[in-house]
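A closer look at the structure
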Amino acid sequence: VIAHRLYQETDEVNSSVRTSVKGVAYTNDRIWDTAEYTIPMQAINSFFVMTNIIKTENQLEQRCPEYPFGKAICSSDKSCENGSVDIQSHGIQTGKCVNYNATVKTCEVRAWCPVEPMEKPPEPAVLRSSEDFTVLIKNNIHFPKFNYTILNVPPILNTSCTYNKTTSPLCPIFRLGDILQEAKENFSEVAVKGGIMAIEINWDCNLDSWFYDCSPKYGFRRLDDKKIKPGFHFRYARYYKLPHGKEQRTLFKVYGIRFDVLVFGTGRKFNGIELIKNIGSMISYFGLVVSAIEIALCVGNCSSCGKSPLYKIYNRKKYETVLNPRQVMYVSYVDEPHVTLIKKPLKTSLQHAQGSIVESHPVKFCGAGSCCTSESNENRDNEQSEPMRTSESNENHDNEEFELGQPLGQGASSPDCQKWCCCGKCQPTQEYHEQLCCRRKKGQCITTSHWFQQLVLSSHTLKKALLYKDPFLDLTDGNINNQLRHLAYKQYVHWRFGSFDLEDRAVIPSCCRWKIRDTYPKAGNNYTGFKME
């Protein structure tokens, strides 16, 4: 945007050009002034300076032999056809074969006689001294969109200056020899047959007042091809009336240099809409970068037969693996400051299963009242057996639809089933997903702590939480223990896992679960859980 000035509105230049050539030469016993060597051109913004000439004087309209070229040479009248015109001929054949000179015969023609000789231009050029002539170029330009007009001629012109790329780059007076020199051409060579030169005027204008810059830059180059038919020439005639009324003329074949003044440029001015538009376009290009990189990586991967390590790294970084919520469990240890994610199915006890850290351990405790405002009250008896279940309603939490084949009692275990326990308080079980301790290493059980008693087991706290949710709850009801037990499960999860949404996947350690069950038992100790999926 900055380098290419895309924050500006642009307008193309409108231009007019006027030229004035000055110089006088003396050659062939004749003075050549501006009227002699500058001939008006029909082309727009062009001027012509004559450098060489071939004159055919005293021509009269009569019969004479044709100049000897291939088809004009003859041996008898039979070779000449009356009324025939050849493209290279100077006139119309009369049907006669006449002597052109002592050795050559040509067909007679009715033309301006004597005919122009087909000869090469003089070398060196007649007006080779025109190299020192000068031309003043006046160039007016206008930017209609900005209503701005400027002239390349300064208000006070130093008429003695001559353009020089280094010392006088803004002088509008040019020496003809310098123009060809800037175009890397030799004036004496070009003057023999002529040529076409371009004088380029480039206006690149910044019209903003704080960075104003609007001055012409001149350039020069040759337009005609130096290898294929180089040069530039044309013919014209001057006519005279003889005393007896017959018309006579002098034919000029002039060679010279035609100078074409080419004006182009752009005016620029700040425009807020252009700035916003181009910034928007620029930003859209960034979307192509991603596509280009992906295509390059895919091509590289295909060329290496799908074994590119870079492509594998790129895919791992690009795509995040989203686990099925039913295939993960979260555990929290009292001696580790983070929550651990463990994927199912388990091949060993949950205590020894390897997992990944998902979040730092929370330090903020959520009050009991906030826990009770949840719309669902999970069955923590069932949750320990299957942490992957979805939230169900409060009713009948200990008897969900996915029941284990037998109740989970405290005494059913194998002799070595507690190798996974590190606190000495866990109850034995053969289910891998229930083999979880509150600690990772040997130490004191969390159930013996003061805060476990106050935050999880406190009957006073839990009852207040239940009343917070239902002010008319009957605390003397025989099923009140079920509600207190479920709320204690939830209190533990919020305490150890934080307030983030892990309640459906969090697993309560065996020691804590059975401590809660012992405190708020279910009639018959008939605790059921979910099947492992």
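Computed from a predicted model, the values in this text were never measured in an experiment.

Attention now goes to helix α4 (residues 272-303). Here α4 spans 47 Å end to end across 32 residues, near enough to the 46 Å set by a 1.5 Å rise per residue. As for α4, its buried residues are in contact with α5 (309-318). Among the residues of α4, the N-terminal cap falls to Asn271, whose side-chain oxygen and the backbone nitrogen of Ile273 are separated by 2.9 Å. Phi for Cys305, located one or two positions after α4, is positive at around 60°.

Moving on, we come to the pattern of salt bridges. Per the counting criterion, the structure on display carries 19 salt bridges. The salt bridge partner of Lys226 is Glu185, with a shortest N-O separation of 3.4 Å. In this pair, Lys226 sits in the loop between β13 (216-222) and β14 (233-241) while Glu185 sits in the loop between α2 (176-182) and α3 (187-193), placing the two residues 41 residues apart along the sequence. Asp224 is paired through a salt bridge with Arg222; the nearest N and O atoms lie 2.8 Å apart.

Glancing now at the state of the cysteines. Going through the model one piece at a time under the given rule, you end up with five disulfides. Put simply, Cys64 and Cys113 are joined by a disulfide, and their sulfur atoms are 1.9 Å apart. Taking the torsion about the sulfur-sulfur bond, which here is approximately -75°, the covalent link between Cys64 and Cys113 counts as left-handed. In this pair, Cys64 sits in strand β6 (residues 46-65) while Cys113 sits in strand β8 (residues 105-113), placing the two residues 49 residues apart along the sequence. Residue Cys64 is classed as buried on the basis of its relative accessible area, which comes to 10%. By relative accessible area, which is 1% here, Cys113 ends up buried. Cys80 shares a disulfide with Cys107; S-S distance 1.9 Å.

Next up on the list: a nonpolar patch on the surface. Among the surface-exposed residues, Ile279, Met282, Ile283, Tyr285, Phe286, Leu288, Val289 and Ile293 lie close enough to one another that they form a single nonpolar patch of about 790 Å² accessible area. Note that Val289 resides in helix α4.

A water-sized probe rolled over the atoms picks out the places where empty space is left. The full count for this structure, using the stated rule, is one cavity of 30 Å³ or more. Of the pockets and cavities examined, the largest cavity occupies roughly 30 Å³. Lining the largest cavity, in full, are Tyr163, Phe174, Arg175, Asp178, Ile179, Glu182 and Phe220. Those elements giving two or more residues to the lining of the largest cavity turn out to be β11 (173-175) and α2. In terms of residues, the lining of the largest cavity owes the most to one element, α2, which gives three residues. The residue inventory of the lining of the largest cavity, partitioned by class, reads four nonpolar, no polar and three charged.

The rules we used
- Residues numbered from 1 in each chain as written.
- Predicted model: local features only at pLDDT ≥ 70, side-chain atom pairs only at ≥ 80, totals over all residues.
- Heavy atoms only, no water.
- Helix = DSSP H or I, 4+ residues; strand = E, 2+ residues; numbered from the N terminus.
- Expected span 1.5 Å × (residues − 1).
- Contact = heavy atoms within 4.5 Å.
- Polar contact = N/O pair within 3.5 Å; in protein donor to acceptor, adjacent residues only side chain to side chain.
- Salt bridge = Lys/Arg side-chain N within 4 Å of Asp/Glu carboxyl O.
- Disulfide = S-S within 2.5 Å.
- Buried < 20%, exposed > 50% of the residue type's maximum accessible area, 1.4 Å probe, protein only.
- Patch = residues over 30% accessible without salt bridge, like charges linked within 9 Å, V, L, I, M, F, W, Y side chains within 5 Å.
- Areas by Shrake-Rupley, 256 points an atom, 1.4 Å probe, with all protein chains shown as cover.
- 1 Å grid on protein atoms, 1.4 Å probe; cavity = no way out; pocket = protein on both sides within 12 Å on 5 of 7 lines; lining within 4 Å.
- Points joined across faces, edges and corners; volume = space filled by probe spheres on them.
- Nonpolar A, V, L, I, M, F, W, Y, C, P; charged D, E, K, R; others polar.

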